[in-house]
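Architecture and fold: a report
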Amino acid sequence: PADVLVESFRPGILEAMMGVDSCEELLAQYPSLIVCRITGYGQTGPAATLPGHDIDYCARAGVLGMMKEPHALPVQVADLCGGSWPAALQIVAALYR
């Protein structure tokens, strides 16, 4: 059996909440733990500490610019297609392995 930890905090928040220095520390304590980190702009890089929202991703990708009247889409396209679905599939693959 395995436990799954899914988190969507900005880098460093999980570690601060759990009282550990790194995610690797958690994995050393719980070898069967599967950790899935869904962040807006990744764990490293110039935008890593920025909060991420669906409309931000759509704007950065040019989706809003392609619309006749840019406004919020009726569904969170980027969050679902770029975050949730890939994360769920990778978790299932890790559990299967």
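Predicted model, so just to flag it, every value in this text is computed and none were measured. Counting restarts for each chain, with residues numbered from 1 along the sequence as it is written. Only residues with pLDDT of at least 70 get local features here, since the model is predicted, and only at 80 or more are side-chain atom pairs given and counted; chain-wide, interface and lining totals rely on the full set of residues. Computation of side-chain values: all heavy atoms of the structure, hydrogens and water removed.

1. A short note on the pattern of salt bridges
Note the following rule: Note on definitions: salt bridges are taken to be side-chain nitrogens of Lys or Arg within 4 Å of carboxyl oxygens of Asp or Glu.
Throughout the structure, instances matching the rule amount to two salt bridges. One salt-bridge network, held together by shared partners, links Glu-7, Glu-15 and Arg-37.

2. So, the packing of aromatic side chains
To be explicit about the condition: Stacked, tilted and edge-to-face are the three classes assigned to paired rings of Phe, Tyr and Trp, where Trp is represented by its six-membered ring and a pair needs centres within 6.5 Å; plane angles under 30 degrees give stacked, over 60 edge-to-face, the rest tilted. Working definition: helices are DSSP H or I runs of at least four residues, strands are E runs of at least two. Numbering for both runs from the N terminus.
Under the criterion given, the structure shown has one aromatic pair. When the centroid spacing of 5.5 Å and the interplanar angle of 75° are considered together, the rings of Tyr-41 and Tyr-57 count as edge-to-face. With Tyr-41 in the loop between strand E2 (34-37) and helix H3 (54-61) and Tyr-57 in helix H3, this pair connects stretches of sequence that are 16 residues apart.

3. Details of a nonpolar patch on the surface
Worth spelling out the cut-off: Each patch is assembled from residues with relative accessible area greater than 30% and no salt bridge, linking like charges that lie within 9 Å and nonpolar side chains (Val, Leu, Ile, Met, Phe, Trp, Tyr) that lie within 5 Å. Note on areas: these come from Shrake-Rupley sampling with a 1.4 Å probe, and a residue is covered only by the protein chains present in the view.
Together, Phe-9, Ile-13, Met-17 and Met-18 line one region of the surface with nonpolar side chains, adding up to about 380 Å² of accessible area. Positionally, Ile-13 belongs in helix H1 (residues 13-18).

4. So, helix H5 (residues 77-96)
To keep things clear, this is the line we draw: Expected span of a helix: the number of residues minus one, times 1.5 Å. By definition, a residue's bend is the angle between the axes fitted to the seven residues ending there and the seven starting there. Remark: exposure states derive from per-residue accessible area (1.4 Å probe, protein chains only) relative to the maximum for the residue type, with buried under 20%, exposed over 50%, and partly exposed in between.
Over its 20 residues, H5 extends 27 Å from the first C-alpha to the last, a length consistent with the 28 Å expected when each residue adds 1.5 Å. Largest kink in H5: about 30°, centred on Ser-84, with the proline Pro-86 one to four residues after it. Among the residues making up H5, those that are buried are Gly-83, Ala-87 and Ile-91.

5. Examining the state of the cysteines
The criterion, for reference: Counting rule for disulfides: a pair of cysteine sulfur atoms within 2.5 Å.
Enumeration over the complete set of coordinates arrives at zero disulfides. Lacking any disulfide linkage, Cys-23 is separated from the closest cysteine sulfur, that of Cys-36, by 10 Å. Under the relative-accessibility criterion, Cys-23 is labelled buried at 8%.

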